[in-house]
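Results of the structural survey
The residues making up each chain are set out below.
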Amino acid sequence: MAATLRIQSDWSRALSRDEGEAWLSCRSPGKPTLYGSVTRRGLGSDGVPDIVASEGFVVGEVTKKSILISCPHENVSTKFLAPYTSFSRIHQKSITCLDISSGGGLGVSTSTDGTMKIWQAANGEIRRLLEGHVYDVNCCRFFPSGLVVLSGGMDAQLKIWSAEDASCAVTFKGHKAGILDTAIVDRGRNVLSCSRDGTARLWDCGKSACLGVIADCGSPVNGIAVGAADSSLNLGTPEKPPSEREVGTEGKILLLAREDKKLQGVGLQSRQPVFLFVGSDAFNCCTFLSSTYILAGTQDGNIYQLDVRNTNAPIQVIHRSGAPVLSLLPYRDGFIASQGN
């Protein structure tokens, strides 16, 4: 397992001062953690901060928005990026979920302060306050149109909102416990949700009705993802013809990140199990890299890459730290992972 190089979370603010300092640590499994610091000594003639590191660490390329730091003893290096924009007034407490509209103009976010808000992505100006859930809102996402928002809360309700006037157009009821994640099928005539009650459900937005329970796992389902399946994969056959209200479910596979350490694949239209993979701890999140390759993250910090055609053994297991993997997002030729540290 590779060493992990960290810098304190507010390093960009600490180093914005003329003689600011930020703390460093380099942790390698089974070895004592190495500690150090980086210090800003002023500005160079090109306007780039002059930054040096304490013994055991080396500062490489420095720009106004990034620092490359290495720890030669552990043969590890990391580029730290400062935020280009920070919005500190949208929420008063921790942000639990966020999404950006397909056009990039709007953001939606939920927080432990109990609110869900829509805001301008360019400047953080709050546009709408979405009120209607009881208790915490756990998840939110834009429909592909960018004009509608889907949310799920601890009140076991799934809601659809207008981003234009903040009205709640639809409320789905059927889950017996809090909703933990959602997914949208194609353009959004059907949506999916998963819950602490152990089920994943498919919903018809036009009729405000549940089209069926896709899976009943007997354990909380923390995250889901839907994607087109590789053509060689056997997704099973439905026990009865699907409803005419189902749109875009054929050829799709639903991933279920389960609390009982299992990652499951289910044929979305067939409701039939496709694979079941057992990991090291509770699975928190999952995503598709392609129709063949998937990722899933666990509570103990593992990121599993799997081939859906053969899940007997992972392609690789990435472990940067023991902090929970909370979300995964495909990005260019790789992915972005967020962890609880």
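Residues numbered from 1 in each chain as written. Predicted model: local features only at pLDDT ≥ 70, side-chain atom pairs only at ≥ 80, totals over all residues. Heavy atoms only, no water.

Considerations on unusual backbone geometry
Just so we agree on the cut-off: Note on conventions: DSSP H or I runs of at least 4 residues are helices, E runs of at least 2 residues are strands, and numbering of each starts at the N terminus. The rule is simple: take the accessible area with a 1.4 Å probe, protein chains only, and divide by the maximum for that residue type; under 20% is buried, over 50% is exposed, in between is partly exposed.
Located in the positive-phi region is alanine 166, a residue other than glycine, with phi close to 70 degrees. For alanine 166, the position within the fold is in the loop between β14 (157–162) and β15 (168–173). Overall, the relative accessible area of 19% leaves alanine 166 in the buried class. Located in the positive-phi region is serine 208, a residue other than glycine, with phi close to 55 degrees. Considering the arrangement of structural elements, one finds serine 208 in the loop between β18 (199–204) and β19 (209–216).

Side note on the side chain of serine 101
As a reminder, the rule being used: Note on contacts: a residue pair qualifies if any of its non-hydrogen atoms lie within 4.5 Å across the two residues.
Here serine 101 lies in the loop between β8 (95–100) and β9 (106–111). Excluding residues that lie within four positions of it along the chain, serine 101 makes contacts with Leu106, Phe142 and Gly146.

Considerations on the domain arrangement of the protein chain
As a reminder of what qualifies: Reported domain spans reflect what an automatic or database domain assignment gives.
What the domain assignment reports for the protein chain is domain 1 (4–81) and domain 2 (174–339). Using only C-alpha atoms to locate each centre, domain 1 and domain 2 end up separated by 38 Å.

Some details on the environment of alanine 169
One can find alanine 169 in strand β15. The sequence separation of alanine 169 and aspartate 50 amounts to 119 residues, and the corresponding C-alpha distance is 54 Å.

A few points about the UniProt feature "repeat: WD" (unreviewed entry) in the protein chain
Where we set the bar: UniProt positions are given in the numbering used here, feature names are shortened, and annotations may be inferred rather than shown by experiment.
Per the UniProt record, "repeat: WD" (unreviewed entry) is found at residues 88–129, 130–171 and 172–204. Counting secondary structure, residues 88–129 comes out at 0% helix and 50% strand; the distance between its end C-alpha atoms is 16 Å. Split by type, residues 172–204 is 0% helix and 64% strand. Its first and last C-alpha atoms lie 9 Å apart.

Focus: the nonpolar core
Condition: Put simply, buried Ala, Val, Leu, Ile, Met, Phe, Trp, Tyr and Cys residues joined by side-chain atoms within 4.5 Å make one nonpolar core.
Ranked by internal contacts, the top residues of the largest apolar core, which has 25 residues, are Phe172 and Val191. Those elements that place two or more of their residues in this core are β9, β10 (116–120), β12 (137–142), β13 (148–153), β14, β15 and β16 (179–185). It is β12 that provides the largest number of residues to this core, a total of four residues. Every residue in contact with valine 191, bar those within four places of it in the chain, is listed here: Phe143, Leu150, Leu158, Phe172, Ala183, Ile184, Arg201, Leu202, Trp203 and Cys205. Among the nonpolar cores identified, the runner-up in size contains 21 residues, and Leu5, Trp11, Ala22 and Val38 belong to it.

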